[in-house]
Amino acid sequence: MSDTPGAGAVLDDRPELREATAAVLAVDDERDGWTFDDIPVDSGQFGELVSAGIVEKDGEQYRVADPEAVRAALDGESEVGSDSGRGVAIGDALEFDVDARAAGLLVAALAVVFVARTYVIGSIYRGGDIVLSSNDPYYYRYHVEQVAANAGSVADTGALAVLPGSVTNGEPLMVATLWLVASLFGGSKDVIGHVLAWYPVVSALVTGVLLYLLAVRVSSDRRVGLASVLFLAFIPGHAFRTSLGFADHHAFDYPWLGLTALALVVALTTVTDRASLRRPQPWLAAVGIGVGIAGQVLAWEAGPLLVLPVSLVVLGQTLLDVSNDRSALVRNAPVLAGVGLGAGLAGAVHSIAGWQTALVAGTPALLTAGTVVVIGTAEAARRFGGTARQLVAVDVGLGVVALIVFRFGLTEQWGTFSRRLDTLFRSDGIAETYGLFSADAFGFLFLLGLTLLLALPAMVWGISLARNDGSGWLIASSYAWVLFALAVIQVRFVGELAPFLSLFAGLAFVWAASWVDVARPVLTTSNSDLRDALVPDSRALVSLFVLFLLFGGLGMVQVPVKTSQVLVEDGTYGAATAVEADAADRGLEHPENYVLSRWGQNRVYNYFVSGESESYADARQTYGPFLAATAPEEAYNRISGRAGYVVTTGTGLEEPTTMYVRLHQHFGSRNGDVDGLAHYRPLFVSEDGGHRAFAVVPGGTVRGTAAPNSTVSVATTVAVSDREVPYERQTTANRNGEFAVTVPNPGTYTVTTADGGEATVEVPEQTVYDGGNVTVG
C-alpha cells in the first residue's frame, strides 16, 4: 500500500495503462479478492500494474492496494511530468504531450510543406498584381470584394446579405471567413488579394499539424506523425490545391476534416468507463466534433459527403462495444453530444443566416438521429445478450427501413438528394469530375504519386487493427476508405483523401524502415508507450532519405508539374493586362469591356479588366460557336453589344474560313481567297503566339471610287505587342465605281485598284471606335 500514493504519477507517465487500471478497479469494486483469470487485462499490463504498486498480492489472490487513490488518479487530470527532463506536457486538457525535440522535428516537416506550397510566389506576385491561380479563385475573390464593398465597418456581418444564392447555398462559411480575416486588416482589394493568395498555404499547414496529432494519437508513434506530414507535402493532388494563390474552396475543407477526425479519436480513446466521463477531455473533444461537423456542412454544399465517415465510425464503434461487452452509450456519449452540437450549430446558422439548403444544413440532424438509433440498438443488444453479428443484421435492416421512409415519405427531399447524387456521378468535361482511375484524369500516379500504392496495404491493415478494438484505427480507416471511394468517383476529393492517405503511408513507411533495419519496429496501438522520433545517425539518415525517395520521389516530381498546370500563364496575364489598359484608355465599363474567351480562363480576364468575375456561363455557351462560325457578319452580330474583347488560344479548328483561323492565325487579315475581318483590332500576342487579344470594334469604313466592278484592296501594317503584322481586305466596286470597305485598325492604308491605281488614306483611331467613314481622295 505504500506504493499506491504514486498511482497518479504512474498513470500520468504511462497513460496507456489507464484502461487496464480502470478494468482492474471495476473488478476490485465487485469482489473482495480476485485472480488474474478474473480480469480482462493481458499479462504484460497486469505485471506492470503489480510492479507499479497499483495492484498487490494478498495470499493467493490480488487486490487494488488503495482503491480510492487509484480512483482519484483515474478521475484527475494529468500532471506535468518533469523528472525525465525530456520536455513538458502541453495541451493537458486533450492529453497531447510535445517535447522540444518533437516540436522541432514537426516544425521542420511543416517547413517542407510550406516550401512545397509557396515556391511559386514569383508567379503569383507579378507586375504589381496578385495573380491567383486557375479560374475559380476569381469567383471567390469577386464575392469577397462585394461583401467588403458593402461593409460599413470591420466585421459588419450585415454586409453578407449581398451574397447571392449561389454562394449562400454553396460555400458561405468560406467566403464569410475570408472576408472577416481581410476586414481585420483593412478590407481593401489588395488585402483581399493577399488573404486569398495565402489562405490555401495556411490550410496546408493547419492540416499538417492536425494530421501529425492524429497520427501520433492513433499510432502512439511520433515517427508515423512526421512521416505522414512529409508524405502530405508531396501528394500532388493536395499540393496544387493548397499552393500559394490557388484560392479554391477545397482547401477550406481540409482543416474541418482533420479537426473532426482528431476530435473523434480523443473522444473515443479517453472514455473507458462512466468515471472517465467526469474528465474534461471527452467533452472538449465533443465540442471539436460539433464545430468540425457544422463547419464542414456550412463550408461547402457537398459537405454532407465529408461527414459520412462519422456515421461509419459510430457503427463500427458500437460493434466493438458489443463485442467487448461494454456500454455503447457510455463509450459514445461524447460523440453523440458532438454530432448533436453540430446539428444545433448548422441548424441555427441556417435559420438565422439562410446558409445552405435545408437538406444540407439538416444533415447533421439526420446524423444525430441515426447515432441515437445505432447507440440505442447496441445498448439493447448488449442488455439482451445479442452478438455483434446480430447487431450488424439489425443495423442493416434499420438502414433499409430508413431509406424506404426517405424515398416514399419525403419525396421532395428525395428528389433533391437524387439530383445531387447525379451531380456526383456526372462527367461533363470539367477535369475534377473525372474518376481517379479514369484515363481523362491523367492517371492516379500524377495526382497521388506512389503514396496510394504504399498506403493501400496499410489501409487494409488498419481495418484489422480497428477490429482488434482499436478505436483510433477505426476512425482513420473510416475516413480513408470513404474518401478513397469518393475520389474514385471524382478526383475533386483527392485533396480531402490526402491527409488520411498520408497517415497510412507514414505507417507503412515506418514499418518498411524497420523491416530494412534502419528504424525501430512500428507501434500500432494507443495502448503502447509513445515512441519518440530520434535523430538517426548519418548512415540511417541516408538510408531513410533513399527509402523516402523510393516512395515519395514521383510525388516530388509531380508537385511542380501539377502546380504549374494551374498557374495563370504569362500569355493569359499579358492578354488580360493589355485589354485592361485598352479599356481604361477608352473609358469602358462593364459590360462594354466584357472579355469573351475560353471559359477556363474567362474569370481571370474579366477580373483584371472589370472586376466582374462572377460567372463564365456566357463564355462557355458563346465562345466555341463563335470561333467555329464561318459567316463573319453573323458571328459579329452574335457578340456585338455583349463583348468588348475576344481572346483566342489554341484549338483544334483548322478550317480556313472559321473565325478561329481568321483571327488567331491571321489577325483578321485576308488569307488567300478568304477575306479579312472588319471588327477585330489586335491588341496583344504572347511571345509564343498562343494567346491573342482583340478589341471588338464597329470599324472605320474606307470609301472611294474606282473602275466599275473592279477589285479594290486596302492594306496596312499593324503593330501588335513586339511584332508587326500585315492586314489587308479586298472589296469590289459597284457598277457605279463606288466602293466601301470596313477596317478595324487605325493607321495609314494603301488603297490599290485592279488597274494599278494607288492612293493612301488615314483612318483615325476614333473613327474605328465610333464606326465612322473616311474617303479616299
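The structure presented is a predicted model; accordingly, all values stated were derived computationally and were not measured.

About the criteria used
- Residues numbered from 1 in each chain as written.
- Predicted model: local features only at pLDDT ≥ 70, side-chain atom pairs only at ≥ 80, totals over all residues.
- Heavy atoms only, no water.
- Helix = DSSP H or I, 4+ residues; strand = E, 2+ residues; numbered from the N terminus.
- Buried < 20%, exposed > 50% of the residue type's maximum accessible area, 1.4 Å probe, protein only.
- Contact = heavy atoms within 4.5 Å.
- Areas by Shrake-Rupley, 256 points an atom, 1.4 Å probe, with all protein chains shown as cover.
- Lys, Arg positive; Asp, Glu negative; His and termini not counted.
- Charge placed at Lys NZ, Arg CZ, Asp CG, Glu CD.
- Patch = residues over 30% accessible without salt bridge, like charges linked within 9 Å, V, L, I, M, F, W, Y side chains within 5 Å.
- Salt bridge = Lys/Arg side-chain N within 4 Å of Asp/Glu carboxyl O.
- Core = buried A, V, L, I, M, F, W, Y, C linked by side-chain atoms within 4.5 Å.
- Phe/Tyr/Trp six-rings, centres within 6.5 Å; stacked < 30°, edge-to-face > 60°.
- Lys NZ or Arg CZ within 6 Å of the ring centre and 35° of its normal.
- Pairing = 2+ DSSP bridges.
- Axes fitted to C-alpha atoms, helices over the stretch in contact; angles between N-to-C directions.
- Parallel < 35°, antiparallel > 145°, perpendicular 65-115°, else oblique.
- Left-handed = near helix turned anticlockwise from the far one by under 90°.
- Nonpolar A, V, L, I, M, F, W, Y, C, P; charged D, E, K, R; others polar.

If you had to explain the overall build of the chain to someone new, which residues and values would you point to?
Within the chain, the secondary structure is distributed over 32 helices and 15 strands. Taking the principal axes of its C-alpha atoms as reference, the chain extends roughly 130 × 65 × 50 Å. Going through the 777 residues of the chain one by one, you find that 53% of them count as buried. Across the chain, the fraction of contacts at a sequence separation of at least 24, relative to all contacts at a separation of at least 6, is 71%. Summed over its atoms, the accessible surface of the chain is roughly 32,300 Å², and 58% of this surface lies on carbon and sulfur atoms. Computing the positive centroid from 48 side-chain charges and the negative centroid from 79, the chain places the two 4 Å apart.

Could you give me a rundown of a negative patch on the surface, with the residues and numbers involved?
On the surface, Glu569, Glu687, Asp688 and Asp722 cluster together to form a negatively charged patch. Tracing the backbone shows Glu687 in the loop between strand 7 (680-685) and strand 8 (692-696).

Tell me about the nonpolar core, and please be specific about residues and values.
Ranked by internal contacts, the top residues of the largest apolar core, which has 205 residues, are Leu436, Phe626 and Tyr680. The element best represented in this core is helix 10 (residues 189-219), accounting for 15 residues. When near neighbours in sequence (up to four residues on either side) are disregarded, Tyr680 contacts Phe626, Ala635, Tyr636, Ile639, Met659, Leu663, Phe694, Ala695, Val696, Val697 and Pro744.

Any details on a nonpolar patch on the surface? Residues and values, ideally.
Together, Val154, Leu180, Val181, Leu184 and Phe185 make up an exposed nonpolar region whose accessible area comes to about 480 Å². Tracing the chain through its elements places Phe185 in the loop between helix 9 (172-184) and helix 10. Look at Phe185 and you get exposed, because its relative accessible area is 61%.

If you had to explain the packing of aromatic side chains to someone new, which residues and values would you point to?
Applying the stated criterion to the full structure yields 25 aromatic pairs. Taking 4.8 Å as the distance between ring centres and 45° as the angle between the ring planes, the aromatic pair formed by Phe231 and Phe548 counts as tilted. Of this pair, Phe231 sits in helix 11 (residues 222-233) while Phe548 sits in helix 26 (residues 538-566), and the two are 317 residues apart along the sequence. Among the aromatic residues, those joined into a ring-pair cluster are Tyr138, Tyr573, Tyr607 and Phe608. The cationic tip of Arg586 hangs over the ring face of Tyr769; the distance from NZ or CZ to the ring centre is 3.9 Å. Cation over ring: Arg620 sits above Trp599, and NZ or CZ is 4.8 Å from the ring centre.

Describe the pairing of strand 7, naming the residues involved and giving the relevant values.
Working note: regular strand, side chains alternate between the two faces of the sheet. Of all six residues making up strand 7, six are buried, and the element is well covered by its neighbours. By the bridge criterion, five bridges tie strand 7 to strand 8 in an arrangement that is antiparallel. Bridge pairing in strand 8 links Tyr680 to Val696. Hairpin geometry of strand 7 and strand 8 is characterised by an intervening segment of six residues between the two adjacent antiparallel strands and by a positive phi of about 75° at Gly689.

Describe the pattern of salt bridges, with residues and values.
Enumeration over the complete set of coordinates arrives at 14 salt bridges. The salt bridge partner of Arg241 is Asp248, with a shortest N-O separation of 3.4 Å. For the residue pair Arg241 and Asp248, the accessibility class agrees, reading buried in each case. With its nearest N and O atoms 2.4 Å apart, the salt bridge here joins Arg642 to Asp618.

Tell me about the pairing of strand 13 (residues 747-753), and please be specific about residues and values.
Relative to strand 13, strand 10 (residues 711-720) runs antiparallel, the two being bridged by four bridges. By the bridge assignment for strand 13, Val712 is matched with Thr753. Relative to strand 14 (residues 758-763), strand 13 runs antiparallel, the two sharing six bridges. Residue pairing in the sheet places Val751 in a bridge with Ala759 of strand 14. Counted along the chain from strand 13 to the antiparallel partner strand 14, the turn is four residues long, and its residue Gly756 has a positive phi close to 95°.

How would you summarise the sheet that holds strand 9 (residues 700-705) if you had to cite specific residues and measurements?
In space, the three strands of this open sheet follow the order 12-9-15, with mixed pairing throughout. The strands lining the two open edges of the sheet, one partner per strand, are strand 12 (738-743) and strand 15 (773-775). Strand-to-strand twist of the sheet, defined as the mean angle between neighbouring strand axes without regard to direction, takes the value 25°.

Can you explain the side chain of Glu496? Please cite residues and give values.
For Glu496, the location among the structural elements is in helix 25 (residues 494-515). Although buried, Glu496 forms no salt bridge, and the nearest oppositely charged side chain, Arg241, lies 6.0 Å from it. Contact partners of Glu496, with chain neighbours within four places excluded, come to His250, Asp253, Tyr254, Leu257, Trp300, Leu306 and Leu483.

Which residues make up the packing of helix 10 against helix 25, and what values do they have?
Each packed pair of helices is defined by two parameters, the angle between the axes and the distance between the axes. Taken N-terminus to C-terminus, the directions of helix 10 and helix 25 make an angle of 40°; their axes are 10 Å apart at the nearest point. Regarding the angle of helix 10 to helix 25, the classification is oblique. Read as a crossing pair, helix 10 and helix 25 show a hand that is right-handed. Where helix 10 approaches helix 25, its residues Thr207, Leu211, Leu214 and Ala215 are matched on the opposing element by Pro499, Phe500, Ser502 and Leu503. Here the residues of the contact of helix 10 with helix 25 sort into six nonpolar, two polar and no charged.

Break down the packing of helix 23 (residues 451-467) against helix 25 for me, citing the residues and quoting the values.
Following both chains from N to C, one finds helix 23 and helix 25 inclined at 90°, their axes separated by 7 Å at the closest point. The orientation of helix 23 with respect to helix 25, classified from their angle, is roughly perpendicular. Residue-level inspection shows Thr451, Leu452, Leu454, Ala455, Ala458, Met459, Trp461 and Gly462 of helix 23 in contact with helix 25, the latter providing Leu501, Phe504, Ala505, Leu507, Ala508, Phe509 and Trp511. Along the lines of polarity and charge, the residues of the contact of helix 23 with helix 25 split into 13 nonpolar, two polar and no charged.

Any chance you could break down unusual backbone geometry for me, citing the residues and the numbers?
A cis geometry characterises the amide bond from His590 onward to Pro591, with omega recorded as 10°. Position of Pro591 among the secondary structure elements: in the loop between helix 27 (570-586) and strand 5 (595-596). The residue Ser220 is not glycine, and still its phi comes out positive at about 55°. Structurally, Ser220 can be placed in the loop between helix 10 and helix 11. Given the relative accessible area of 5%, Ser220 is considered buried. A positive phi angle, near 55°, is found at Phe667, a position not held by glycine.

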